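Each chain, letter by letter, is given below.
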Amino acid sequence: MLVWVGSAEVPGLVPCSVGTEDTVVPLEESKRLAARFSNAEWLEHEAGHVFSQRSEDLRRLGEFLELRREQLLPEELASVEEVEADDRLSQEQKDEVEALASIFMEELTIFKPTCPVRLAVKVLHERASLRFFFPPLYPQVPCVCDLDSEDLGVQLRRRELLEAVEAAREPEGFPSVMAMVQEAQRWIEEHGVTIDQGLPSDGTAEEDEPAEAWWLCEDAQVDQELLTQAEKKAAELLPDGSSGSRSWARQCGAGAYGKPWRFTVGLVGKPSAGKSTLFNAATRCEKEAAMAPHPFTTIDPNVEPGWFAVPCPSVTLQCQDECEPEHGRADRGQRRFPLLVKDVAGLVPGAYLGYGRGNAFLNDLLDADSLVHVVDASGRSDAEGVDHGKAGKGHDPLKDVEWVRQEIHMWIFCNVRAKWHSVRKRAKFAPLQPLAAERLFGLFTGYHCSQQLVAQVYESTGHRIATLPQDVLNWSEFDLHLLVACFLRVRFPIVIALNKADTAEAQEHIVRAQAALGNAVAVSARSELWLLQQQRKGHLTYLEGGGPQSIAITEHAPEDVRDQVSQLRQKVLEVYGSTGVMEVLSRAVLQRSPVFCCPVSEFTTLQSLSSGGYSTKSKLVTMMMLRPLSTVEEVHAALKNEKLVRGDLVRAEMLHISTGQVSVLRREEVLKPEGAQAATFVLRILTNKKAK
Ligand SMILES: Nc1nc2c(ncn2[C@@H]2O[C@H](COP(=O)(O)OP(=O)(O)OP(=O)(O)O)[C@@H](O)[C@H]2O)c(=O)[nH]1
Ligand SMILES: [Mg+2]
């Protein structure tokens, strides 16, 4: 960050990290600014409005910061005597500090080191201060002044206050701090902006609120009926799979645009549902996560890369034989693609109240892009995950689907409800009303999303942001449930894995569940894992995600392996088409509507831009996953980020996979799928620099 303090005489180095593609601060402007400093150090990089991540630049930044560490730690305070004793300061500056200290005894803070002088003067008790920085030639050169405020009223009118303070500056050459501070105090008093005074501070109950108000309830008091109604309404407003094409798809999750999307799927479900088994099958890790038939086998989350399947354009382009995907190989029209799988501790009823591993577990899910709810479809285990075996009474897996979603809902609902009074406080008091929307939306940003996303979800519930302050004051518990339910559908979409499909009891439950739920996949995690283990032992070969024909038993496989394969074929693959592991992960990713790009150097050869090591005959090697609604410009940025191209974007072309036609794309063009299919694009990106 650059701060110009009004003088060309500022000593010291200022690292100017300048992206040559920065469209926010043009290069020329950065150069002009840097020229204001003596010894400005210029670090230029090819990216946009970000600090360069090159190790050399980071090292130089580290050195710069280390040198100025003292200056960057303002907590250490200095006395007037220390200022007096600092020979580097001019007498005029020392005199001014002394005068300030004698008038504002309690209000003045001086920071160390004393040269250059940095000080703060309180203008509203502990709640607002003016901060000052003296350039070396002060007062011939004006001092820099800024406002630090915790007081909402002052914050709200910050610009006006600072304008008044600036207007109070003495002419150049004269000390100004005193006049500016006095003006700030006068202005605050005159405008009565000590708004927090007389209002309850955050975290306390409001005295004039009815004691039985819904937002003052204990965590455990949640109206289940309202919750269920809200979920139903949310499903009508935002049907499954409707989110990807909406503009909020761009706001969802923490990842940045202009980079490949590293997708994380979180596995949730009650204890012993088979999360860790599914995790081990999906990640094919040699060192498997612990699995056991008793609850809470997993405590700390396991995270490993796994694989899902994406449609491969090589089929339509009729080049399957020469297609060599970076990961695995293309078969049955699909190719493998990596993602991160996260296995967390089991969820028990009341987790949002802290039961089981409670909120700690829920917090582990915050970085997930979407969730797979692993359900024990055999019905042998109860809600707490205790397996009663075949003798079990038969627990209804559909009940688990409901309560697990509701646990996650309550977790967010209770967190927001506990702060609801702070939204009301802003909505009620006219001068604070402009802050009400920001406060409400800000209550959701901890779940890794932007305020814009929450604003759009808010509007999808039928409310208008323009009237938010008036509306939220009349909100009932149902309205907040509806907002949370809609938010959940957008931010944490869930796919259901009806696990243990290999058991005799599961079939009936699976038929019923799939009829009732749109997004449920029959899964046998144990079968998939067993097949992978046997493959590792050399007893068979298995094409993951395939049907009965995907297993080939090797000659010397033991008899019991042959028996087991035949049972597995009969009970799982012939009934459900596959073990469902890859299918459920693919659905979890595809429901967030990503964009897949295959960058090629020529459409005739379909040779990929790749990081090398592939034969020139290999086609469509590279595929990149990007966030929904990515633009051509963002594809270029992501390719650059992966060092697959260099230089500026000159031209982009797309090969229409089904017709073979080529069209030129505008840089701001959004890549959208044509039908309900996953969006896969074969692109040719031309730049003004040759790849190395
Ligand atoms: N029949 C059958 N059993 C399974 C399947 N998947 C998991 N299991 C069994 O279910 C039990 C629990 O599996 P885990 O993977 O440890 O379950 P979890 O959900 O991770 O459990 P916690 O870590 O305690 O929350 C183990 O005995 C598994 O072998 C499956 O597909 N079929
Ligand atoms: Mg586990």
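Residues numbered from 1 in each chain as written. Chains lettered and ligands numbered in written order. Predicted model: local features only at pLDDT ≥ 70, side-chain atom pairs only at ≥ 80, totals over all residues. Heavy atoms only, no water.

The name given to the protein in an unreviewed UniProt entry is OBG-type G domain-containing protein, with Durusdinium trenchii as the source organism.

A few words on the overall build of the protein. Scanning the protein from N- to C-terminus turns up 22 helices and 20 strands. Burial statistics for the protein: of 692 residues in total, 49% are counted as buried. Counting only contacts in the protein whose residues sit at least 6 apart along the sequence, the fraction spanning at least 24 positions is 70%. For the protein, the exposed surface amounts to about 32500 Å²; the carbon and sulfur share of it is 50%. (Helix = DSSP H or I, 4+ residues; strand = E, 2+ residues; numbered from the N terminus. Buried < 20%, exposed > 50% of the residue type's maximum accessible area, 1.4 Å probe, protein only. Contact = heavy atoms within 4.5 Å. Areas by Shrake-Rupley, 256 points an atom, 1.4 Å probe, with all protein chains shown as cover.)

Before going further, it helps to examine the environment of Val117. Position of Val117 among the secondary structure elements: in the loop between β4 (108-111) and β5 (118-124). In this structure Val117 comes out as buried when scored by relative accessible area, which is 1%. Each C-alpha atom, one on Val117 and one on Cys143, is 9.9 Å from the other, the two residues being 26 residues apart in sequence. Among all residues touching Val117, those that are not within four sequence positions of it are Leu89, Gln93, Val97, Phe132, Phe133 and Phe134.

Let us now look at the packing of helix α15 (residues 451-460) against helix α17 (residues 477-491). Where α15 meets α17, the axes come as close as 9 Å, and the angle between the chain directions of the two elements is 125 degrees. Judged by the inter-axis angle, α15 sits oblique to α17. Note on packing geometry: the crossing formed by α15 with α17 is right-handed. Residues Leu453, Val454, Val457, Tyr458 and Ser460 of α15 pack against Leu483, Cys486, Phe487 and Val490 of α17. Of the residues assigned to the contact of α15 with α17, the class counts are eight nonpolar, one polar and no charged. (Axes fitted to C-alpha atoms, helices over the stretch in contact; angles between N-to-C directions. Parallel < 35°, antiparallel > 145°, perpendicular 65-115°, else oblique. Left-handed = near helix turned anticlockwise from the far one by under 90°. Nonpolar A, V, L, I, M, F, W, Y, C, P; charged D, E, K, R; others polar.)

With 13 residues, helix α5 (residues 91-103) ought to run about 18 Å at 1.5 Å a step, and its terminal C-alpha atoms sit 19 Å apart, in line with that. By the burial criterion, the buried members of α5 are Gln93, Lys94, Glu96, Val97, Leu100 and Ala101. The arc that holds every buried residue of α5, seen down its axis, measures 160 degrees, which confines them to one face. Residues of α5 that are buried sit in contact with α4 (80-85), β4, β5 and α8 (177-191). (Expected span 1.5 Å × (residues − 1). Arc of directions from axis to C-beta.)

What follows concerns the sheet that holds strand β10 (residues 334-343). Read across the sheet, six strands follow the order β9-β10-β8-β11-β12-β13 without closing on themselves; strand pairing throughout is mixed. Since the sheet does not close on itself, it has two edges, and those belong to β9 (302-311) and β13 (520-522), each with one partner. Between one strand and the next, the sheet's axes are offset by a mean angle of 30 degrees, whatever the strand orientation. Strand direction decides the pairing type here: strand β12 (residues 494-499) and β13, joined by three bridges, are parallel. The residue bridging Ala497 from the neighbouring strand is Val521, located in β13. The strands touched by helix α21 (residues 581-590) within the sheet are β8 (264-268), β9, β10, β11 (370-376), β12 and β13, with β9 carrying the most contacts at an inclination of about 85 degrees. (Pairing = 2+ DSSP bridges.)

For β8, the buried fraction is high: five of the five residues fall into the buried class. Both faces of β8 are covered, namely the face carrying Thr264, Gly266 and Val268 and the face carrying Val265 and Leu267. Direction of pairing for β8 relative to β11: parallel, over a ladder of four bridges. Bridge pairing links Val268 to His373 in β11.

Within the largest apolar cluster, 71 residues are counted, with the highest numbers of intra-cluster contacts made by Ile412, Trp420, Leu440, Phe444, Val472, Leu480 and Phe487. If near-sequence neighbours (up to four positions away) are discounted, Phe487 is found in contact with Ile412, Phe444, Tyr447, Cys449, Leu453, Val454, Val457 and Phe492. Phe263, Leu278, Phe279 and Phe308 belong to the second largest nonpolar core, which has 43 residues in total. (Core = buried A, V, L, I, M, F, W, Y, C linked by side-chain atoms within 4.5 Å.)

On the basis of which strands lie adjacent, the open sheet formed by five strands has the order β3-β4-β5-β6-β7 and antiparallel pairing. Unpaired on one side and paired on the other, β3 (77-78) and β7 (144-149) mark the two borders of the sheet. Pairing of β3 with β4 involves two bridges; the strand directions are antiparallel. What sits directly across from Ala78, in β4, is Ile110. Its contacts with the sheet place α8 against β5, β6 (128-133) and β7, and it is angled at close to 25 degrees to β5.

With that settled, consider the pattern of salt bridges. Within this structure, the stated rule accounts for 26 salt bridges. Note that Lys619 is salt-bridged to Glu322, the shortest N-O span being 4.0 Å. Residue Lys619 is found in the loop between β16 (595-599) and β17 (624-626), and its partner Glu322 is found in the loop between β9 and β10; the two are separated by 297 residues along the sequence. For Lys619, a relative accessible area of 18% gives the class buried. A relative accessible area of 37% places Glu322 in the partly exposed class. Here the residues in one salt-bridge network are Glu602, Arg651, Glu653 and Arg684, joined through shared partners. (Salt bridge = Lys/Arg side-chain N within 4 Å of Asp/Glu carboxyl O.)

A few words on a negative patch on the surface. A surface patch of like charges, here negative, comprises Glu81, Glu84, Glu92, Asp95 and Glu98. Of all elements in the fold, only α4 and α5 reach the threshold of two or more residues within the negative patch. What makes Asp95 partly exposed here is its relative accessible area of 39%. (Patch = residues over 30% accessible without salt bridge, like charges linked within 9 Å, V, L, I, M, F, W, Y side chains within 5 Å. Lys, Arg positive; Asp, Glu negative; His and termini not counted. Charge placed at Lys NZ, Arg CZ, Asp CG, Glu CD.)

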